[in-house]
Every structure is written in structure tokens, then in C-alpha cells.
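Now for the letters of each chain:
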Amino acid sequence: MAMMAVISPALGAAYSIVTLFLLFFFSFGFNNQALDTWDTLTPKNEHPDFGHYKALATLSADEFPMEEREKRVIVVGDIHGMSVYFRTLLNEITYDPSADVLVHVGDIVSKGPQSGSMEILEYMSSHNVTGVRGNHDQMVIEWRGWLDWVQSFPGGKRWLERLHASWDEAQESDKQDPGPWLEEQKQKTRKSEWWKRIPSGWILFGDHYRIAYSMSKTQYAYLLSLPLKLHIPSAHAYIAHAGLLASDPMYPPTDHRQPLSHIPTPPFSRNNTQSTLRLFQEVAIMSEVPSNKNPWAVLNMRSVKKGKVVRTKGGTPWSDLWNRDMSHCKGFDLDREYKCHPATIIYGHSASRGLDIKRWSLGLDTGCVYGKRLSALILGSRPRLYDQHEATNTHIKKRIPTSVPFGDDGRASIVSVRCR
């Protein structure tokens, strides 16, 4: 691979300035139009912000050591609390915590067994594993924010304890769905003000609620530390749970408003290197494309339909649009319509599409929670001690590639285990 593990002083200064810019931008620009379409659990009024979004973290070459001979970077797809198969995968690839860097693409909890979610959460938090938030992780965060808030009121903790005791008693006599049961309790205690403190549409005692209620303060702090996006300048790569777009689908990709249509102009230097220009252009993708500033899109999108990001499978898969744009990036040439170098995106979220490997995008959600597979992308030079078998993935009906292109001229390995 052609990446440098050591950052030059000039590029280091560029990183510092870009970091300050991002801190300012995401602190002041992120909370306006970006949140207008945010539509998960958090209500817009009446209640505080339970989401506690952290927009971005940047990894240095030391934190993402693709070029060090004795280290590997291992990026794991959606785990969803499937702790048994997560450990099977780590054994399969002979994971060494002292030499390898483990990264996840989010959705580490929920949908699988609660005990597994708690085990995964304990592992990730106790080892401070690098990763991003998934949409299910976000819902757990919001429930925990609500739990802490409602218990901060006089009598809140006692009300919640009584409600839990009643629910446990009801479950012992007859397994019930929490939705109808809660409605029945509301009717019995209609005058209670506590019901008004539950945001509209929220249903207690579900999967996300139980994880939020059970997790420790340390585990909650770990989830809060996860950003929506990771940027790795040394690898010219991003990690986001659902994905990113390289251009605003409301305009042609070469429109002057698009970040790949013009050479960036950093303000601090007259003699900008290619590395500096690439860094600023990669930052522009995150800061100038509206959907990349929208938490709902970063956590949930699967396709683009009529110029809008959607969660459904209809429309054009966003990764097709990303690869369309990146395939035109041949350099900072004024004579080209696209004036850019390519960047890679690693993501999860779309289990229905299986292992989705394209030249500039790598989708790693292979549906472990549905009994299919758990997959990992492996980067680095440390000798591969795992068995380089070509296991058949019956879900995606094709053989899993053991080696795929990564970055400008590098290679990565794909390893997966069956989840049944």
C-alpha cells in the first residue's frame, strides 16, 4: 500500500487546522438544518435531547496502522449481540489484542439475545474498542438518556420501580406484549403525570429499553463516546454505520456546489501538497453534502429515491452513487469535470444486501442475527494465521472473496463465520 504511517509536519498542521474547523462546524452547524429531518426516538419538544450525538472522530495512522508489519486493522460487521459468533470470529482470525486494532461498524447490540448484547457491550467498553454508532445503539442511548432524566425527578425512581414490579408480575402469570399492557396501566392510573413524561411513540420494556436499563454507567459512557462517523485521512477512508454520499443527489454530481467538482483551497498555505488537498476534499464531503450532516441518514439510509435518502430498498443503492462518483476521481486536473482523488467507505446496516463489496465501498453486514454470517475486513501486513478458506455464503449465493482491493493500491482480506 502507498500510505505513509508517519505524518509529515506540514500534513500534521493541516490535520490540526481541519480538526479545529470540524469542531467548530459540527458544534455550530450540525444542530440546525442537519437535525431538521432527524427522526428516531428523540422528540423535538417537551423533553431534553436524549441523543447526545457525537458527529465525528478522526483516526491517525497510529490508530489505524495499515502499514505496520506486525499489526492488523480488523473491522467487524454488525454484531447485534451475537456474542458466541463474535468470539468465534476472533478465534478464526487469531485476534491478538496486543498487535491488532479492532473496529466495529455499529449495531453491536439489540435484536439478538439480551445476554449477548450485554456481553458484547461489556467487551467493547472494557477494551475501549473503536467504532461508530449504529441505529440500534442510538436507540439504546436515547432510552438510557430518558431513564436518567425521569429518575432525576422526585419520585421518578420509585414510580419506575413500581412499574417494573407490576410488569414482572404480569410476565410471570402470562407473557404479554408491552404495548397493550402499558396502555392498560395508563387507563388504570390516568391521572398520573408520569405517563406524560414518556415521549410519544416510545414503548417501555422492549429490547432497546431493557439493554439501556441494564447497562452500567461505564457501558453507557462507551456508547456515548461512539461517533456517527470515523475519518481515517492516512487511508483516505471513512467508516459510517449506514453510509455516506459523495455528492448531493439534488444536483448533478459535477455541479459547482459539489465537493468533487472543484479543487479545494485550504486557507493556510500557498504551496498545498496533494495530501493536503485530499484531506480538505475528504472533509468537504462530510461538511458540504447535506445528508452526511444528518444523523438519521448516516444511521439509517439504504438508497436514494428522487433525490432523497430513504431507508427502504427502493431507489438506487447509495453505494452505487458513491462508486459512480469515486470512479471518476482521477486527480486534481482542471480539465476534468471531476477534480478529485477517490476515497473508500466501510459500512454495515444493510443485511438484506449481504456482503456488498465494490471498488470504493465495503458493506460488511452479512446478517449474523438472522442466522447467516458475521464478517470482518482485515487490513495490514501481519502474516495471516487464519485459514484462508473460501467458505460458501448461502445467504448471498456467491463465494466470499478472500482478497479485495482497498484504497489507492492496497488489498484487504474478508473472513466470515457461520452464525448457526
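Located above this text is the structure these notes cover.
A few points on the structure. (Residues numbered from 1 in each chain as written. Predicted model: local features only at pLDDT ≥ 70, side-chain atom pairs only at ≥ 80, totals over all residues. Heavy atoms only, no water.)

Focus: helix α4 (residues 135-150)
Between its first and last C-alpha atoms α4 spans 23 Å; for 16 residues at 1.5 Å apiece the expected length is 22 Å, and the two agree. Of all the 16 residues making up α4, 15 are buried; the element is thus mostly covered by neighbouring parts of the structure. (Helix = DSSP H or I, 4+ residues; strand = E, 2+ residues; numbered from the N terminus. Expected span 1.5 Å × (residues − 1). Buried < 20%, exposed > 50% of the residue type's maximum accessible area, 1.4 Å probe, protein only.)

Re the side chain of Ser291
Counting through the fold element by element, Ser291 comes out in the loop between α9 (274-288) and α10 (295-300). Aside from chain neighbours lying at most four places away, what touches Ser291 is Leu245, Ala297, Val298 and Val309. (Contact = heavy atoms within 4.5 Å.)

Some details on the environment of Pro97
Positionally, Pro97 belongs in the loop between α2 (83-92) and β3 (100-104). Judged by relative accessible area, which is 53%, Pro97 ranks as exposed.

Considerations on the packing of aromatic side chains
Under the criterion given, the structure shown has 16 aromatic pairs. Ring plane angle 90 degrees and centroid distance 5.6 Å describe the contact between Trp143 and Trp146, whose orientation is recorded as edge-to-face. With Trp143 and Trp146 both in helix α4 and three residues apart, the pair spans about one turn of that helix. By relative accessible area, which is 5% here, Trp143 ends up buried. Relative accessible area serves as the criterion here: at 0%, Trp146 is assigned to the buried category. On the basis of an interplanar angle of 65 degrees and a centroid distance of 4.6 Å, the ring pair of Trp143 and Trp202 is categorised as edge-to-face. Residue Trp143 is located in helix α4, and its partner Trp202 is located in the loop between α6 (178-188) and α7 (207-214); the two are separated by 59 residues in the primary sequence. A single burial state applies to Trp143 and to Trp202, both of which are buried. (Phe/Tyr/Trp six-rings, centres within 6.5 Å; stacked < 30°, edge-to-face > 60°.)

So, the side chain of Gln281
Examined against the element boundaries, Gln281 turns out to sit in helix α9. Residue classification places Gln281 among the buried residues on the basis of a relative accessible area of 2%. With near-sequence residues (within four places) excluded, Gln281 lies in contact with Pro259, Leu260, His262, Pro264, Phe332, Lys339, Cys340 and His341.

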